[in-house]
Structures are given as structure tokens and as C-alpha cells.
Amino acid sequence: MLINLSFSSHPPLFSLTRLINSRSPISHFPPNYNSHFSKSLSTPTSHLNFHFKNKFLYGKTRVSLGKRQGFRTRAFSGFDFSGLEAASVLTAIIVVHESGHFLAAYLQGIHVSKFAIGFGPVLAKVNSNNVEYSIRAIPLGGFVAFPDNDPDSDIPADDVNLLKNRPIFDRVLVVSAGVIANFVFAYVIILAQVLSVGLPIQEVFPGVLVPEVRAFSAASRDGLLPGDVIIAVNGIQLPQKKPNPVSEVVNVIKKSPKRNVLLKVARGDEDFEIGVTPDENSEGLGQIGVQLSPNVKLSMARPSNLLEAVNYSGREFWGLSSEVIDGLKQIFVNFGDSADKFSGPIAIIAVGAEVAKSNIDGLYQFAALLNINLAVLNILPLPALDGGTLALILIEAARGGRKLPLELEQQIMSSGITLVLIIGVFLIIRDTLNLDFIKDML
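Predicted model only: the values in this text are computed from it and were never measured.

## Thoughts on the overall build of the protein chain
Each helix and strand counted, the protein chain has eleven helices and 16 strands in total. For the protein chain, the accessible surface area stands at approximately 20800 Å², while carbon and sulfur atoms represent 60% of it.

## A few points about the side chain of Ser321
Tracing the backbone through its elements, the reader meets Ser321 in helix 5 (residues 306–333). Take Ser321: its relative accessible area is 6%, and that puts it in the buried class. Residues within four places of Ser321 in sequence aside, it is in contact with Phe183 and Ile372.

## Section: helix 4 (residues 245–254)
Listed as buried for helix 4 are Pro245, Val246, Val249, Val250 and Ile253. Looking straight down helix 4, one finds that the buried residues subtend no more than 140° of arc, so they occupy a single side.

## Description of a nonpolar patch on the surface
Side chains of Leu103, Tyr106 and Leu107 sit close together on the surface and give an oily, nonpolar patch of about 380 Å² of accessible area. Relative to the helices and strands, Leu107 resides in the loop between helix 1 (81–106) and strand 6 (114–128).

## Structural notes on the packing of aromatic side chains
One pass over the structure, following the stated rule, counts eight aromatic pairs. Measuring from ring centre to ring centre gives 6.0 Å for Phe119 and Phe143, while their planes differ by 20°; the resulting arrangement is stacked. Highlighted residues: Phe119 in strand 6 and Phe143 in strand 7 (residues 131–145), separated in sequence by 24 residues. Phe143 matches Phe119 in its accessibility class, with the two residues each being buried. With a centroid separation of 5.5 Å and 75° between ring planes, the pair formed by Phe317 and Trp318 is classed as edge-to-face. Take Trp318: its relative accessible area is 60%, and that puts it in the exposed class. Taken together through their ring pairs, the aromatic side chains of Phe102, Tyr106, Phe115 and Tyr133 make up a single cluster. Here Arg315 stacks its cationic end above the ring of Tyr312, 5.7 Å away from the centre of that ring.

## Some remarks on unusual backbone geometry
Even without being glycine, Asn130 reaches a positive phi, approximately 65°. The phi dihedral of Phe216 falls on the positive side, at around 65°, and the residue is not glycine. Looking at the element boundaries, Phe216 is found in the loop between strand 8 (199–213) and helix 3 (218–221).

## Re the UniProt feature "transmembrane region" (unreviewed entry) in the protein chain
As recorded in UniProt, the feature "transmembrane region" (unreviewed entry) lies at residues 172–195 and 412–429. End C-alpha atoms of residues 172–195 are separated by 34 Å, and the span's content is 100% helix alongside 0% strand.

## Comments concerning the packing of helix 2 (residues 168–196) against helix 9 (residues 386–398)
Running from amino to carboxyl end, helix 2 crosses helix 9 at an angle of 165°, the nearest separation of the two axes being 9 Å. When the interaxial angle is binned, helix 2 and helix 9 end up roughly antiparallel. Between helix 2 and helix 9 lies a crossing of left-handed hand. Contacts between helix 2 and helix 9 pair Ile168, Arg171, Val172, Val175 and Val179 from the former with Asp386, Thr389, Leu390, Ile393, Glu396 and Ala397 from the latter. Along the lines of polarity and charge, the residues of the contact of helix 2 with helix 9 split into seven nonpolar, one polar and three charged.

## Quick notes on the nonpolar core
Residues Val89, Leu320, Ala368 and Ile372 are the most contacted members of the largest nonpolar core, which totals 22 residues. At the level of secondary structure, the elements contributing two or more residues to this core comprise helix 1, helix 2, helix 5 and helix 8 (360–378). Per-element accounting of this core gives the leading share, ten residues, to helix 8. In contact with Ala368, other than residues within four places in its own chain, are Ala186, Ile189, Ile190 and Leu320. Counting residues in hydrophobic clusters, the runner-up holds 21 residues, among them Val246, Val250, Ile253 and Ile274.

## Section: the pattern of salt bridges
For the structure shown, the criterion picks out eight salt bridges. For Arg171, the salt bridge goes to Glu396, with nearest N and O atoms at 2.8 Å. With Arg171 in helix 2 and Glu396 in helix 9, this residue pair connects regions lying 225 residues apart in the sequence. For Arg171, a relative accessible area of 8% translates into the label buried. A salt bridge links Arg221 to Asp222; its shortest N-O distance comes to 4.0 Å.

## Topic: the pairing of strand 12 (residues 270–276)
As paired elements, strand 11 (residues 261–267) and strand 12 share seven bridges and run antiparallel to each other. By the bridge assignment for strand 12, Leu263 is matched with Ile274. Counted between consecutive antiparallel strands, the loop separating strand 11 from strand 12 contains two residues, among which Gly268 sits at a positive phi close to 65°.

Calculation rules
Residues numbered from 1 in each chain as written. Predicted model: local features only at pLDDT ≥ 70, side-chain atom pairs only at ≥ 80, totals over all residues. Heavy atoms only, no water. Helix = DSSP H or I, 4+ residues; strand = E, 2+ residues; numbered from the N terminus. Areas by Shrake-Rupley, 256 points an atom, 1.4 Å probe, with all protein chains shown as cover. Buried < 20%, exposed > 50% of the residue type's maximum accessible area, 1.4 Å probe, protein only. Contact = heavy atoms within 4.5 Å. Arc of directions from axis to C-beta. Patch = residues over 30% accessible without salt bridge, like charges linked within 9 Å, V, L, I, M, F, W, Y side chains within 5 Å. Salt bridge = Lys/Arg side-chain N within 4 Å of Asp/Glu carboxyl O. Phe/Tyr/Trp six-rings, centres within 6.5 Å; stacked < 30°, edge-to-face > 60°. Lys NZ or Arg CZ within 6 Å of the ring centre and 35° of its normal. UniProt positions renumbered as here; feature names shortened; annotations may be inferred. Axes fitted to C-alpha atoms, helices over the stretch in contact; angles between N-to-C directions. Parallel < 35°, antiparallel > 145°, perpendicular 65-115°, else oblique. Left-handed = near helix turned anticlockwise from the far one by under 90°. Nonpolar A, V, L, I, M, F, W, Y, C, P; charged D, E, K, R; others polar. Core = buried A, V, L, I, M, F, W, Y, C linked by side-chain atoms within 4.5 Å. Pairing = 2+ DSSP bridges.

In C-alpha cells form, the structure reads like this:
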């Protein structure tokens, strides 16, 4: 599974929060490859804006005015329960995707020979109703196999229930069913979160919160404390309804190296002014060594009825989907800048473990996001993905029902699967070596 673990400094559009200025809803809220649908769990995301210390994943902005903090994969202390939860989420997503293909074939009476989670050597298997169900060694996805071109199959080549002999519409349905299953599963996860946990309510207050002050920084030296709220900068009040007051404070500080910046601060029941002189960094910009976030308070509210829950879930689903699609566009447009941010299943489980450690609510959105990523990526017309198989079927339709030569189709699909496996193994090795406890042992 590939994932882009870049972080943005602005809140994402997707959020299950309601902004309370009168509590109104937020608006943006390797066998025979020809007979397999083999997928790697490749899921590039635009931004994973998970702030693990928050109770809810509402896209809280954290801006470091000191040293830039890049993302680093965090390790578990051994393999704790949170790691197991994240791995379970990943496995469930694979199972749902492959089950979509399997059920679409089974319900149409199409022959299926194998249902596998993972690739490579078989770790465990069971046979039932002429189908081999297996768990395999390489956790890069899974596949559903069909006996269409299996030389060991005793099914006649002209059997109407072989996938290759079914009408184009039947085959399109089987190929696209995995993607549909992941989209549906993502929506169900979001709806389950809304119904079980409730709707996060975000109340916005004036100013910018200072959650953290770095020791020996300019802010610490001049008297700024964690928990302070900046309500004005150089005599200019920070309005409550401003879209991103954090950026206003950041811009003033960056433009004022070694020049006094007058901050009006609320601390407890008192308001007073503090003069802070930003240090100058290597780029000539001011920095005071704090982290800033919007001054908000979160609470939970149960949806008043099922319609409200469905409505909010739909907004969240479309918001997440838009973010994933936009992120995918950016990856293709700026691949050179994004390539080093891709991570495989090891890093994804590490991120998921951090989310699970914070609270179970975050795991809901983590699972929904991965489902949407997998669905969007797999529909792309690339070899070894559902979209690649779908493209071959559409080419057949455009040719008046004449298929491409079998050997050519096999070459296209096998080369794609080989490339995906090579990339996947590379990412597993790289991400494993980047885990903190592995680094400590080296």
C-alpha cells in the first residue's frame, strides 16, 4: 500500500464538525494474471491531517514558528493493541475490496477458483465449494482468481459461466465491484461514527491558541506561556470570523525578525500585552518557537434523527473523496516532489497505531480515508489495477467485441503486477528501517 504522508499547515476541507456561530452546519463538511483481479493496496492521499493529541480529527492547524517539523514514522513499543487495531483496519479494507469482486461474480453464477488476502507463498488455506480461500505471505493486497485459463481446471472452455464468456456488462460489474465495495464501506464507517460517537461540535472563540512553547525560544524568553491566547497583534484585533487567524500571526512574525512584535494575550481572566522579539532563522525570517492553533472548543452532539446523520455522513464522504482526488492530481502533477512521501503498509499501520492510541474515533476516519484512497487508485487505468482490467474490457467493446490477443493481455497485466510487487517490497523494507525502534537497534 502506498500512501502520501505529507502534512499541510491548513485545515482540510473534510470535517464532521459544525462551526458554531449560531451552531450552523459547516458546508464542506502471480499465477495466470489474465484470470485474476490482483490489486496492491496502493493508496496515495493528499494530506493525512491527523493531529493525534486531539479528541477528534477536525483538521486542527499546528504551525511551528521554530524549526520545521517533518513527518517521521513513529514506532510502537513492541506491537501493542493500537498496532493490532490499525493492522485489523488494513486487513478489513482488503477483505471488503476482494469480497466485492467475489460476490459480484458469485451472485451472477460466475465460476471463482481462489480468494486470497496477500500475495506470494500460501500461509494458510481452506477449500470450500471449489474455491480456495488463502492468506499469503506478502501483505500488499489480495486477489480473486477465476478458472478461465487454468490448465488444471476441468471446466469446459466454452462454459457460459466462465468470466471470459460472459457479456461485457457482467464483466464490468465484477471488475468494478471492489471499488464500489470500498466506497460503500467508507460511507458506512462514517455513518457508524456519527451514530455511535455523535457529531463533533466546534465552537470558535476569538484569537489564536498557543498550545506549546519551546524552551529557550524567543517566546519563552519574552514570557509567552502554553495555554495563552493571542487576541491582537501590533494593536490589530484578530477577528473571530477570520478564516485562518493563525496565518495572520505567522505572517507578522515571519516579517519581523529582530523587531519587537506587540502581542495582546489572554491568560485566565486577565488580558495584557507582551512584547516578543522574533529570532532570525537561516532564511532571514522571524521565528519565536511556538505552535499555534485556532482557538476552538469541541463537544459532542447526537444527531437529532437518522436523516441528519445521513446528511452529515454524506458531506463528510464527499469531502474526503474530494481531498483524495485533489491529492492524486497533485501527485501526478508534482511526482518528483511527492515520490519520497510515499509509504507502504508498515508506515500506514504506524500512523494508524498513533490514531488508535489517541482514541477510537480517529480510527473511524482513518479507515474511511484508506477505503476511499484504495477505491480511487484502483479505478485508474493502470496495469494490475481494476482500472487496467476495466480498460481492456472497454477496448474490447470499442473493437466490436473482439478481444486483444490473450498473450498481449497477459504481458500487460503481468508486467504491471511485477512492478507493483517490486515497489511494494521496496517500501516495506524502507518503512521498516525508518521505524524508531529499528533505528535504535541499528
